[in-house]
Each structure stands twice: as structure tokens, then as C-alpha cells.
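Structural overview for review
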Amino acid sequence: MAPRKQVTYSERPTHAARAAHAKGERQFKTYDTSYIRPKPSKAPVVIALVIALAVLGAVIWGVVTIMNSCSATQTASLPADQEATIVIEEGEGADAIGEKLAAVGLVGNAAEFRNRVNELGVATQLKPGTYTIGGQTSLDTIIRMLEEGAGMDNALTIPEGSTLAETADAVAEVTQGRISAEDFSAAAADASVYAADYPFLESAGTNSLEGFLFPKTYEISYEATADSIIRLMLDQFGAETANLDWSYPESQGLTLYDAVNLASIVEKECNDDNAVRAQVAAVFYNRLATDGEPSYGKLESDATTAYEVGHEPSAEEVHADTPYSTYTNAGLPPTPICSPGLACLQAVCSPDTDALGKYYFFYFDTDDAGQPTCYFSETYDEHQETFS
């Protein structure tokens, strides 16, 4: 017996079967099957959200980085020829200090200062005090100043009559050794290095700047160098002597360098009386101009030998045959022996005319009232009488 053929519902040929089949399809199409359908996965949405947040974070980080970068590169606004004073209180940190520096234009912004302080690891070493800082001072220099503390004295005082060696020591002291005395002396060892910028040095040749480092009080910045300090002093010499008339020393055959040399001796030999300075200058002119008695062209100044030996000289030392002995050698010593003040330079430019050609000797003592007095004499015998 042949197997029965399986007939599907849709293959039934009758009209009734086809109608029943169509009705079933219509019913199936309207039946709610949502509860048995598989639910869609949320994973793609979560992944998309994570990616979006990551992109947004990257954008924000980039903006912040760019803003910080731009902020860090801001330049200090205070001009180099101006100064600003800030007061750092006890306990103030890098943020507060940075704000103060930025407020006066010494740094571009507070963050720049704070970040550099942190990089250097000196946040706990910034000292309170009052600081006066020049515009365009570098960030690292400002930080070093705050590390050093405001107690560092930046006033360099060079008294009248200071030697180059004494000036170098003073520079080393005020800079706390940052500029050594040796380095300063070396920088001042050859006047010709500066002659192109300072015409008054033309006749100094390759001698040192002894005599031209003008005595005064100078404000020294933390960034000062031996060269910049020397130029401050030479600038001051030029300004102070701008109105001096050098015609008299020139008429006596002296160069400007010679005149400064002579003024340095007047500085060491005199008191603070300008009239006496002019008289002493006249005495030295008289001695230089006389080939025979009583001076034979010799200045006979103990001060020149004192410069050479570094102490108050003995009678043997002043008469020794050495370059700076003006008892043994006629004329001026090889170099100035100190930095003369303006008053002594004026005395050499304008010596006392009444004393010119008259006095050859002078002697300092005290009068009956105990006041310092200078006695002038025409002859050696008169000079000797002042001691009796």
C-alpha cells in the first residue's frame, strides 16, 4: 500500500479550504506577539554613551590644556625701566605670592609662578619681606630673590678715595660672593675694553680702571654682573665730570688720565675742605713744574707708597726705589691710587691761583681749638718750623 501523501493546509484545493486558510492568516497577523519576541540588547547604547563621554572629556581636557598653555606663556607687562614693590607676608604661599607678582606685572600670571616654584621644589623656601624688583626680571631670578630674602642689602656704597681692590671687595660683599672680588678686578683690569663707549678713557690706555670707578652709592640688581656694575660707575664718572674744564691740567702737559691720577693723590692727602684741596693741588702742580730746588719735580707723597705697600709706609719704604715712590721718582706715579671724588677733580682742574708758584710744602695738624688745619710753606725751612 502506497504511503499516504501528507497534504499541507495551503494545498487544499477547495474554496472553503482556501477561505479558512486566509482567515487564519488574517487572525495571525493581528495577534499580539510582542511578549514572545526577543528584547533588543542595550549594549550598543551603553558603548555609544561611553564613547561620547570620552570624546567630550578629551575635548574639555584639550581646551583646558590650551588655556593653561596660553596662560603660561603670557609675558610680564612691567617695562624694564620700571620697578615694582611687593610685600610678602609671613605664611603666604606660592599662589598668593604669584597673584601679587602678576598684579604689578612682574609675571604673566600667578599659575606661571606657582608652577615654576613647584618645579624647583622651593615652595617652602620663599621668605617674607618687602621686595623691589625691576620689570622684565626673569622668573627664576625673582624666585631666587625670594629665596634669598629681602634682607639682602643691594646698596653698593663706594666711599671717596676707595681703591679698585676695595671696590672689588665691596662688590663681592653686596652680592654675597655672586660676583667675586677677583672677577670684578679682572673685568676692570683693562681700560681699553671700555674706551670705545667712554671717550674719557682714551688716555688711560691698557691700564686698569683705577681712578675712574666713581665713588657713590649704587643700587645693584640681583642680575648685575661685573661688567654692568663697572658701566654704572663709568656712566656716573661721565655724568659727574661732564661740566669740568680740563684746560688747566692740559696746559701743564697733563692728559685727562694724568689729571685723574693727580686728583687721586689730592684725595688721599687732604681733608674735606675744598679750599684746602685747591691749595694742595696747587702745591703739587708747583712741585711737578720745578726741575731744581726745592722739589726737583718730585711730588713726595707718602700716599703713593701707601698704595703700593698696602699700609702706612715707613721712612725707608717711601724712599725706596719702587715705581710708586714719589720721593725717588719725579712726576706722577704709574696709575691713580684711588677713585677721587668730584671735589678733588675740581681742585685739579681749578687749583688755587694764589698758591700757584708760591707754596711747595704743606702739613696737616690741629689748631689750638683742636680743629684740623693745613699749614702751607714756601720753603723747606718754613716747613720745618711747623713741627717745632
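Residues numbered from 1 in each chain as written. Predicted model: local features only at pLDDT ≥ 70, side-chain atom pairs only at ≥ 80, totals over all residues. Heavy atoms only, no water.

**Some words on the packing of helix α10 (residues 256-269) against helix α11 (residues 274-289)**
Two quantities define a packed helix pair, namely the angle between the helix axes and the distance between the axes. As a reminder, the rule being used: Axis definition: a line fitted to C-alpha atoms, limited for helices to the stretch in contact. Angles are taken between N-to-C directions and run from 0 to 180 degrees. For helices the rule is a DSSP run of H or I covering at least 4 residues; for strands it is a run of E covering at least 2, with both sets numbered from the N terminus onward. Any angle between 65 and 115 degrees counts as roughly perpendicular, while under 35 counts as roughly parallel, over 145 as roughly antiparallel, and the rest as oblique. Crossing handedness follows the turn of the near helix against the far one: under a right angle anticlockwise gives a left-handed crossing, and clockwise gives a right-handed one. Residues are treated as being in contact if the distance between any of their heavy atoms lies within 4.5 Å. The residue classification treats Ala, Val, Leu, Ile, Met, Phe, Trp, Tyr, Cys and Pro as nonpolar and Asp, Glu, Lys and Arg as charged. All others, Gly included, are polar.
Running from N to C, α10 and α11 point in directions that differ by 125°, and their axes come no closer than 10 Å. Comparing their axes, α11 and α10 come out oblique. Helix-helix and strand crossings are classified by hand; for α10 and α11 the assignment is right-handed. Contacts from L262, I265, V266, E267 and E269 of α10 reach α11 at R277, A281, F284 and Y285. Here the contact of α10 with α11 is built from residues that sort into six nonpolar, no polar and three charged.

**Things to note about the side chain of S264**
Note the following rule: Only protein chains enter the accessibility calculation, which uses a 1.4 Å probe. A residue is then buried if its area is under 20% of the maximum for its type, exposed if over 50%, and partly exposed in between.
By the element assignment, S264 lies in helix α10. Judged by relative accessible area, S264 falls into the buried class, the value being 0%. In contact with S264, not counting residues within four places along its chain, are P336, I337, C338 and P340.

**Side note on the packing of helix α4 (residues 110-120) against helix α5 (residues 139-148)**
Direction vectors running N to C along α4 and α5 enclose 70°, while the axes themselves pass 11 Å from each other. Between α4 and α5, the crossing angle belongs to the class labelled roughly perpendicular. Note that α4 runs across α5; the crossing there is right-handed. On α5, the residues that touch E112, F113, R116, V117 and L120 of α4 are L139, D140, I143 and L146.

**Digging into unusual backbone geometry**
The residue after E293, namely P294, is reached through a cis peptide bond having omega 0°. In this fold, P294 is placed in the loop between α11 and α12 (302-309). With a phi angle near 70°, Q136 is a residue other than glycine that sits in the positive phi range. On the accessibility criterion, Q136 (43% relative accessible area) is partly exposed. The backbone of E300 shows a phi angle near 50°, a positive value even though the residue is not glycine. Note that E300 resides in the loop between α11 and α12.

**Brief notes about the pairing of strand β1 (residues 83-88)**
Where we set the bar: Here, any two strands with at least 2 DSSP bridges between them count as paired.
Where burial is concerned, the two faces of β1 differ: the one with A84, I86 and I88 is buried and the one with E83, T85 and V87 is not. Strand direction decides the pairing type here: β1 and strand β2 (residues 129-134), joined by six bridges, are antiparallel. Bridge assignment links T85 to a residue of β2, and that residue is T132.

**A word on the nonpolar core**
Across soluble globular proteins, you tend to see nonpolar side chains buried next to one another. Definition in use: We call a set of buried residues a nonpolar core when its members are Ala, Val, Leu, Ile, Met, Phe, Trp, Tyr or Cys and they connect through side-chain atoms within 4.5 Å of each other.
Formed by 63 residues in total, the largest nonpolar core has its most connected members in L156, F184, L201, L209, F212, I229 and L234. For this core, the elements supplying multiple residues, two or more each, are α6 (164-174), α7 (181-187), α8 (226-240), α10, α11, α14 (342-349) and β6 (372-377). Contact partners of L209, with chain neighbours within four places excluded, come to A188, A191, Y194, L201, I230 and L234. Of all hydrophobic cores here, the second largest spans 21 residues; its members include L101, F113, I133 and L146.

**Focus: α6**
An α-helical segment advances 3.6 residues per turn. Residues three or four places apart therefore align on the same side. The complete set of buried residues in α6 reads L164, T167, A168, A170, V171, A172 and V174. Of the surrounding elements, those touching the buried residues of α6 are β3 (155-157), α7 and α8. One or two steps after α6, the chain reaches Q176, where phi turns positive at roughly 55°.

**Points about the environment of K127**
By the secondary structure assignment, K127 is in the loop between α4 and β2. On the accessibility criterion, K127 (37% relative accessible area) is partly exposed. Residues K127 and G91 lie 36 residues apart in sequence; the distance between their C-alpha atoms is 8.8 Å. Those residues in contact with K127 that sit more than four places away from it in its chain are I88, L146, E147, E148 and G149.

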